[in-house]
There are 2 protein chains.
Amino acid sequence: MRIIVDAFGGDNAPLEILKGCELAVKELGVDIIACGDERIIRDVCGKNNISLDRIDIQHTEKIIPVECDPTEVVKSYDDCSMAIGMKMLANGEGDAFVSAGSTGAVVVGASLFVKRIKGIKRAALASIIPTTTGCYMLLDIGANAECRPEMLVQFGIMGSSYMEKIMGVKDPRVGIVNIGSEETKGLDLQIIANEQMKHAPVNFIGNVEPRYLPENCCDVAVTDGFTGNVILKLTEGLGSSLGNEIKDIFKKNFLSKVGALFVMDGIKNFKKKMDYTEYGGAPLMGISKPVIKAHGSSNAKAFKNAIRQAKEYTQLGIISQIEASLEELKIKSQAN
Amino acid sequence: MRIIVDAFGGDNAPLEILKGCELAVKELGVDIIACGDERIIRDVCGKNNISLDRIDIQHTEKIIPVECDPTEVVKSYDDCSMAIGMKMLANGEGDAFVSAGSTGAVVVGASLFVKRIKGIKRAALASIIPTTTGCYMLLDIGANAECRPEMLVQFGIMGSSYMEKIMGVKDPRVGIVNIGSEETKGLDLQIIANEQMKHAPVNFIGNVEPRYLPENCCDVAVTDGFTGNVILKLTEGLGSSLGNEIKDIFKKNFLSKVGALFVMDGIKNFKKKMDYTEYGGAPLMGISKPVIKAHGSSNAKAFKNAIRQAKEYTQLGIISQIEASLEELKIKSQAN
């Protein structure tokens, strides 16, 4: 399997990206095509003892800046490392594409260069969010700030396929994020999506309230990109600030430091469980080929995990399952 | 000062409400008018040794059920304990009103019986959210699922008055909750509100991202009621599930239990800091007289704190400050 990588996307590019690629070759047995300036890539790899074994370089000169308007990836930056990588994916020169670059540009580029799955209204960015007893998939987390009800239904179908195939959840429970459990709660978006989701080929459990998301109340939580982004970022923010608070409690004095020793294992396990980097990046679901958006601040380990995710996404046939579910929904809708 | 209380609102009414009233009389020196069935109130107080000293009873027979459509409070339930209490407030028979009953009914009843402050488009429910280093006010948390930009501006003015007068924050920092800090981020609601807020008589600091809310990035966070409710409920949910997780780590075995003893003080302080019931209820801001919505599951202590909040809201002149700020905004707008 050949994974195409944007070697110049993200805060820590190209060093951590290239290190992540090296790890992926060793641990996951994949081949890599790294898009970016060949001279710089060879230079960084040489200086940091990164092996280029099974890593091909596709030379490109431009890099799309994060602050750039996302549509520029198909305009004046259509020859940047991200754009070239996506075009190669579209042409079948690799099996999947991974970038830690600008989220907006990944969404626009993938939609226009690689194209959406037939019938999919909009691609959605999805994130796996750890909870104390497992995890759930949240989508959309920001590709579409505004959504229509039928988009939420498609998000349900896509999230369900992912959780079943990649996370091994049988019959994933799909819920619509809402401010109450009753069907009449929320805005038109949630009320209409609730009605439509009942006819979709997913295990729909109704509305889910944010209060219960951390308690594993569902396996897939669908929402518009604005609300999804708020949930993702607030979860990260609270996790980190509560974590720091706990750390401070232990650091307070000699006795508390002794206390910390007694629970070190538990704390370490907990931290590992809540570690986002373990889950890789955010799959851009609804695109006709596998595209993974790695976190902008990815280090080598996080980037390697994003490549693992790309590998699994490809191997486990998520896209064909989404296509089959869409077909089923279409037949059902026509029958009604 | 006379606080009117809905003795039959909330999950633990009337027992915990009446206990809360007794505490308020003793600790806060207020007089209470308790609205509800006189026979039941006397019976509950008698059986539980609750003193009715300085508590007058306004007999009403009906109670509005939580599952009832909120507008029923002004229709077939306009003689329920909540409606009667609000009418008494409107008539000047008391200084403030507190209920732990249905949120929707409190919003509708207050808007129609007590009326809004002149110029205020919509009343907003506000919540004080504890953070590790302080707290911030979030509004709206659910009175208006959908909002227009000018409503967010008024929320900013109202929240600013509250934080300054009641919480003693000098020149409170007001932010608009958004998925990015740039002015161009978000939906039309946030983009237009950002432009309008610049002309409001508040210390506007621009957009605030949910990631940084737990780190005290602002003193007042304004948002539509849907997003606000999501933020409030997710914050509560994450706090409680992470708290339980920490508890489990300490309970795991003998050594971890020993460890717990060394940090008990720190954990207790932390719990107190993050305890919502310390802050009372949610003020319904923008109403022409003080109305406080206590949490539906309020116990006596939480209800007493909601009464304290009502007392301070009345004493510290929040409403006249809001009126003055609205006037200032109006003059500024006319000048532009």
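Here the structure is a predicted model, which means the values were calculated and not measured.

Colleague: Quick question: what am I supposed to make of the interface of chain B and chain A here?
Modeller: Interface extent is often summarised as the accessible area lost during association of the parts. Taken together, the contacts link 44 residues of chain B with 44 residues of chain A. Summed over the shared surface of chain B and chain A, the number is zero salt bridges. Connecting chain B to chain A are zero residue pairs in polar contact (both at pLDDT 80 or more). The set of elements that each furnish at least two residues to the side of chain B that touches chain A consists of α7 (225-251) and α8 (254-273) of chain B. Considering each element in turn, the side of chain B that touches chain A owes the most residues, 19 residues, to α7 of chain B.

Colleague: Explain the packing of helix α5 (residues 149-165) of chain B against helix α10 (residues 318-335) of chain B to me, please; I cannot follow it from the model alone.
Modeller: Helices that pack against each other are described as a pair by the angle of their axes relative to one another and the distance between those axes. All names here are of chain B. Where α5 meets α10, the axes come as close as 9 Å, and the angle between the chain directions of the two elements is 140°. Overall, the two elements α5 and α10 adopt an arrangement that is oblique. Judged by the sense of rotation from one axis to the other, the crossing of α5 with α10 is right-handed. Packed against α5, whose contacting residues are Val 153, Gln 154, Ile 157, Met 158, Ser 161, Tyr 162, Glu 164 and Lys 165, the element α10 presents Ile 318, Gln 321, Ile 322, Ser 325, Leu 326 and Leu 329 at the interface. Looking at the contact of α5 with α10 residue by residue, the classes come out as eight nonpolar, four polar and two charged.

Colleague: Would you explain the relation of the copies chain B and chain A in this entry?
Modeller: Copy one and copy two of the chain differ by a rotation about an axis and a translation along that axis. In screw terms, the move from chain B to chain A is a rotation of 180° and a rise of 0.0 Å along the axis, fitting with an RMSD of 0.0 Å. The transformation just described matches what one would write down for a two-fold rotation axis. Considering only C-alpha atoms, the part of chain B nearest the rotation axis is Gly 259 of chain B, at 2.0 Å. Looking at the interface residues of chain B, 100% of them are also at the interface in chain A, so both copies use one shared face.

Colleague: For this particular structure, what's the right way to read empty space enclosed by the protein?
Modeller: It is a probe the size of a water molecule, rolled over the atoms, that shows where empty space is left. Taken as a whole and judged by the stated rule, the model has two cavities of 30 Å³ or more. Empty space within the largest cavity amounts to approximately 70 Å³. If you trace the largest cavity, you find 13 residues lining it, with Leu 238 of chain A together with Pro 130, Thr 131, Pro 214 and Thr 235 of chain B closest to the centre. Broken down by secondary-structure element, the contributors of at least two residues to the lining of the largest cavity are α7 (225-251) of chain A together with β5 (124-131) of chain B. It is α7 of chain A that contributes the most residues to the lining of the largest cavity, four residues altogether. Residue classes in the lining of the largest cavity are distributed as nine nonpolar, four polar and no charged. Of the volumes computed, that of the second largest cavity is approximately 60 Å³. In this structure, the second largest cavity is lined by 13 residues; those nearest its centre are Pro 130, Thr 131, Pro 214 and Thr 235 of chain A together with Leu 238 of chain B. Among the elements of the structure, β5 (124-131) of chain A together with α7 of chain B are those that each provide at least two residues to the lining of the second largest cavity.

Quick notes on the rules
Residues numbered from 1 in each chain as written. Chains lettered and ligands numbered in written order. Predicted model: local features only at pLDDT ≥ 70, side-chain atom pairs only at ≥ 80, totals over all residues. Heavy atoms only, no water. Contact = heavy atoms within 4.5 Å. Salt bridge = Lys/Arg side-chain N within 4 Å of Asp/Glu carboxyl O. Polar contact = N/O pair within 3.5 Å; in protein donor to acceptor, adjacent residues only side chain to side chain. Helix = DSSP H or I, 4+ residues; strand = E, 2+ residues; numbered from the N terminus. Axes fitted to C-alpha atoms, helices over the stretch in contact; angles between N-to-C directions. Parallel < 35°, antiparallel > 145°, perpendicular 65-115°, else oblique. Left-handed = near helix turned anticlockwise from the far one by under 90°. Nonpolar A, V, L, I, M, F, W, Y, C, P; charged D, E, K, R; others polar. Least-squares fit on C-alpha atoms with pLDDT ≥ 70 in both. 1 Å grid on protein atoms, 1.4 Å probe; cavity = no way out; pocket = protein on both sides within 12 Å on 5 of 7 lines; lining within 4 Å. Points joined across faces, edges and corners; volume = space filled by probe spheres on them.

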